[in-house]
Amino acid sequence: GGVLWREEPARLVRRPGMATRKAPRISVVRECSWCRRCNFSRVPICSCPQRAPGKRANSARPLPRMTTPSKSTFSAAAPLAIPPDVLASLKANGATRQTDAVASPRFTVWTPKEFAAFTPPEDDIILGEAARTAGEKDVAYWRDGQTAFLVGPGGTGKSRLTLQLAVTQILGRDFIGFKLPSPPRRWLLLGNENSARRVKDELAAMTGPLPADQQALLNEHLHIQAVVDSTSDCLSLDDPEALMRMEAAASEIRPDILAIDPWEAFIKEGDCNSSPLTRDSIRKLPAIFAKHSQRFALLIVHHSREGSEAIRSAEGFGAGAFAKGSKTFRSMARFGINVAPEDPEEGGRIVLICGKINDARKFETRGAILDEKMSWYTRNPDFNLDEWKDDVEGKRGGKSCSVNDVVAAVRGGRSTTKEIVDAVEEATAAAPRTIKAYLSKAAAGGYLERFGRGQYKLGPKAQKVVTAVQRAA
């Protein structure tokens, strides 16, 4: 239902400085109003009665020869098939509306009774968590058909986490405290950041000790792009060659889960700051892959903003601004994980934060430690969120002192204010006034306790950390 046109007998059109030529006179069959901008169709003079008096349409370019559309052009759209699982559920529960094999070309609209009759699949949870209390249900964070993201600064292990997530999901293991209860999914990992050598080494470390049956399961369900030739540079969603390769991979592999890393290599024009390009690019991927798997889900690995200020925004109210580029990226996902370094100076220790969740409560922020032998992250049971926040707050904006520095001085045997200030000043070159401010903050946060005049000892929070360190040793 758009604007319909018909061709009338040709007439002579003469313009100053131009040769006389024939052009079709085009008139409106229906609904041609000035508000519909008739000039876009290059009509010589808009014949709409609603046009502004004296207004002429754009006729500077050659007039196209336009004909009346055939009836087939305006025939009804192809019928939409109701998914078989929805059909079966509705029929089994006695619902009658829209239960034919073919639906009419309109929105699928249900009554409350039909919603009550619908039985969702029970094995659609990709990543979730066990209930915290006996009365609660298990929590589902990421399900089939949903888009999720993994965002963090460069060098925080996002690619390794993605590979580990795929391996653990296929094998049915836990992932840093998360549950992966669904049957093995077929994974496709596309990206051009990691060399074939690195992927080989990480797979050998992760899967080397596995028995033969689990190795076979991985070979059946895990597919990873090998960066060995120029095809790895052909990933942009506005590149026709890349689209052809993706169509071929979708048809051949039929992945249930597609993980792309990094997002900048796939987004159209490489512009992650553009909201329209972000939206179009994310929608394009399910259009290519979802027709080959009813379970299709998308995982996008993306870089965050850099700097200590950005790391602080990974958790709390600033979590929405953690990812680099347009906020449309975050709005189009149902679930996301922000990855931040626990300590930039000590690699292999990261923090996993709930970047977004639409269908459940947020998961608890947790720390993870890299097992270099296994190339595998495990949950850090001694991670303290408040201590990490205070440490990041101390280092935000380029400050040279933090709460951890003050606590370390007390742990090293200093107790008086002067001893603590001298030790921290020597270690960090921070100003005494700054050190005293963080000394007070450490005491207020429970990391230190005052006793006597100007004397400090380790507080309850710092004592827990010392006990954990001693236990590990």
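Conventions we followed
Residues numbered from 1 in each chain as written. Predicted model: local features only at pLDDT ≥ 70, side-chain atom pairs only at ≥ 80, totals over all residues. Heavy atoms only, no water. Salt bridge = Lys/Arg side-chain N within 4 Å of Asp/Glu carboxyl O. Helix = DSSP H or I, 4+ residues; strand = E, 2+ residues; numbered from the N terminus. Buried < 20%, exposed > 50% of the residue type's maximum accessible area, 1.4 Å probe, protein only. Phe/Tyr/Trp six-rings, centres within 6.5 Å; stacked < 30°, edge-to-face > 60°. Lys NZ or Arg CZ within 6 Å of the ring centre and 35° of its normal. Pairing = 2+ DSSP bridges. Axes fitted to C-alpha atoms, helices over the stretch in contact; angles between N-to-C directions. Contact = heavy atoms within 4.5 Å.

**Student:** I'd like a description of the pattern of salt bridges, backed by residues and values.
**Tutor:** Considering all chains together, one arrives at 17 salt bridges under this definition. The partner of Asp124 in a salt bridge is Arg143, and the shortest N-O contact between them spans 2.8 Å. Residue Asp124 is located in the loop between α2 (112–117) and β5 (125–129), and its partner Arg143 is located in strand β6 (residues 139–143); the two are separated by 19 residues in the primary sequence. Overall, the relative accessible area of 29% leaves Arg143 in the partly exposed class. Residue Glu129 pairs with Arg366 through a salt bridge whose shortest N-O separation is 2.9 Å. Taken as a pair, Glu129 in strand β5 and Arg366 in strand β14 (residues 366–371) lie far apart in primary sequence, 237 residues in all.

**Student:** Could you give an account of the packing of aromatic side chains, naming the residues involved and the relevant values?
**Tutor:** For the coordinates displayed, the defined rule picks out 11 aromatic pairs. Consider the rings of Trp110 and Phe115, whose centres lie 5.2 Å apart with planes at 65 degrees: the pair is edge-to-face. Overall, Phe115 belongs to the exposed group, its relative accessible area being 52%. Taken together, the ring pairs connect Tyr141, Phe175, Phe178, Phe335 and Phe363 into an aromatic cluster. The ring of Phe178 has Arg366 sitting right over it, with the charged end atom 4.1 Å from the ring centre.

**Student:** Provide a residue-level description of the sheet that holds strand β10 (residues 257–261), including the pertinent values.
**Tutor:** Taken together, nine strands build an open sheet; the order of strands is β9-β8-β10-β11-β7-β12-β13-β14-β15 and the sheet is mixed. Whereas interior strands pair on both sides, the edge strands pair on one side only; in this sheet they are β9 (222–224) and β15 (376–380). When strand polarity is set aside, the average angle formed by the axes of neighbouring strands in this sheet is 25 degrees. Relative to β9, strand β8 (residues 187–191) runs parallel, the two sharing three bridges. Counted as the bridge partner of Leu188 is His223 from β9. Docked against the sheet, helix α5 (residues 212–221) engages β8 and β9, running at close to 55 degrees with respect to β9.

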